[in-house]
Amino acid sequence: MSRPANALFPGFKDRRVQTADVDFAVLTSGSGPAILLLHGYPETRSAWHRMAPVLAASYSVVVPDLPGYGDSRVTGTLMDMGSKRRMAKSLHEMMRALGHDRFVVVGHDRGGRVAYRLALDFEEEVRALVSVTVVPTPEMWEGAGKAFGLGAWHWFMLAQPAPLPETLMAADPRFLIDLTLAKMAGDIRLIDPAALEDYRMAFDSDEVRHAMCEDYRAGASVDEADDLADRNSGRKIQAPVLVLSEQGRLYGGGRTPLDIWADWAVSVECEGLPGGHLLPETAADQMIERLLAFLGKITDAR
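Below: a short report on this structure. Predicted, not measured: the structure shown is a model, and the values here were computed from it.

Overview of the environment of Asp198
Here is step 1 of the chain: Relative to the elements of secondary structure, Asp198 occurs in helix H9 (residues 193-203).
Here is step 2 of the chain: Asp198 gets classed as buried once you look at its relative accessible area, which sits at 6%.
Here is step 3 of the chain: Separated by 128 residues in sequence, Asp198 and Gly70 place their C-alpha atoms 8.2 Å apart.
Here is step 4 of the chain: Setting aside anything within four residues of it in sequence, one finds Asp198 in contact with Arg3, Ala5, Thr44 and Ser46.
Here is step 5 of the chain: Of note is the side chain of Asp198, whose polar atom sits 2.7 Å from the side chain of Thr44.

Written out as structure tokens, the structure is:
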């Protein structure tokens, strides 16, 4: 079903793509090399409305709701439905169904965690990875101190066993999502009203909020275990990596995003951008400029 926020994506086709485990809601447009855009918590595919139409002038742009988020529904077994490895597998199937055997993946926030899992598990298919405001999950947990716990409290609350977080979130969903987005953006008025309403409408759903909790539960369990197995074995992302971080952001031990990603990728470059956490919405022009320059250096991604 078409959503009002789709008006923010002129020329895009609203589609359903069924994979083994997920019935995806996805917008597509453009031609040329494929770019997969993955949003974060607590948003939907509408997070890319400032960037996707510009990219579609030169690329085949694919913009899905993450599994369980927005209008994308998990149809297979619910076991480990928040696992980034499982999400990555479903998104790979979706891209194949759309005719894209190779693609660039750009992921923000939770979508960034799915994006680097795609790059690790599907080396031949992922041409390049762009990670936005994300470092790998083990480094997040290892650097989690008082400031992180107070600022990113949802990492801990949403990871609690069901039905505790689901029950608390159901008390006043719109208060919670508005509070969250205002903090992430710095000012909720920086978010387009149509996109904001799309996020709110999705967050109103018990099913969507449960999927979000499953996402964070996986981040505190199976995702961390999968990442640690890769890190301990010395496995690295082979595709070129661009990291776009929050300007001045440091992690546990004073490590920069580049310090961390250099341990995870063969080739990585990093730049901090002003605009807080929601860079695809608050710093879209700078992101597009940096992304196009990065892709311009990857000859087979043209």
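Observations concerning the side chain of Thr28
Here is step 1 of the chain: Inspection of the secondary structure assignment puts Thr28 in strand S2 (residues 22-29).
Here is step 2 of the chain: Of the residues examined, Thr28 reaches a relative accessible area of 12% and is grouped as buried.
Here is step 3 of the chain: A distance of 3.5 Å separates the side chain of Thr28 from the side chain of Arg15, its partner in a polar contact.
Here is step 4 of the chain: In contact with Thr28, not counting residues within four places along its chain, are Gly11, Phe12, Lys13, Arg15, Val61, Val62 and Leu98.

Concerning the packing of aromatic side chains
Here is step 1 of the chain: A full pass over the atoms with the stated rule returns nine aromatic pairs.
Here is step 2 of the chain: The interplanar angle of 55 degrees and the centroid separation of 6.2 Å between the aromatic rings of Tyr116 and Trp264 together place this pair among those described as tilted. Of the two residues, Tyr116 sits in helix H3 (residues 110-121) while Trp264 sits in the loop between helix H12 (257-261) and strand S9 (268-273), which places them 148 residues apart along the sequence. For the pair formed by Tyr116 and Trp264, the shared burial category is buried.
Here is step 3 of the chain: Geometrically, the ring pair formed by Trp141 and Trp155 is edge-to-face, given 5.2 Å between the ring centres and 75 degrees between the ring planes.

Conventions we followed
- Chains are numbered independently. Their residues run from 1 in the order of the written sequence.
- The predicted nature of this model means local features are confined to residues of pLDDT at least 70 and side-chain atom pairs, given and counted, to a pLDDT of 80 or more, with totals for whole chains, interfaces and linings taken over all residues.
- Note that the side-chain values use all heavy atoms of the structure and ignore hydrogens as well as water.
- The numbering of helices and of strands both runs from the N terminus, where a helix is a DSSP run of H or I of at least 4 residues and a strand a run of E of at least 2.
- The buried label goes to any residue with under 20% of its type's maximum accessible area, the exposed label to any with over 50%, and the partly exposed label to all in between, with areas taken from a 1.4 Å probe on protein chains only.
- Note on definitions: a residue-residue contact is assigned when non-hydrogen atoms from the two residues lie within 4.5 Å.
- Here a polar contact is recorded for every N or O atom pair within 3.5 Å, except that within protein the pair must consist of a potential hydrogen donor and a potential acceptor, and residues adjacent in sequence are included only if both atoms are side-chain atoms.
- Any two rings among Phe, Tyr and Trp, with Trp reduced to its six-membered ring, count as a pair given centres within 6.5 Å; such a pair is stacked if its planes are under 30 degrees apart, edge-to-face if over 60, and tilted if neither.

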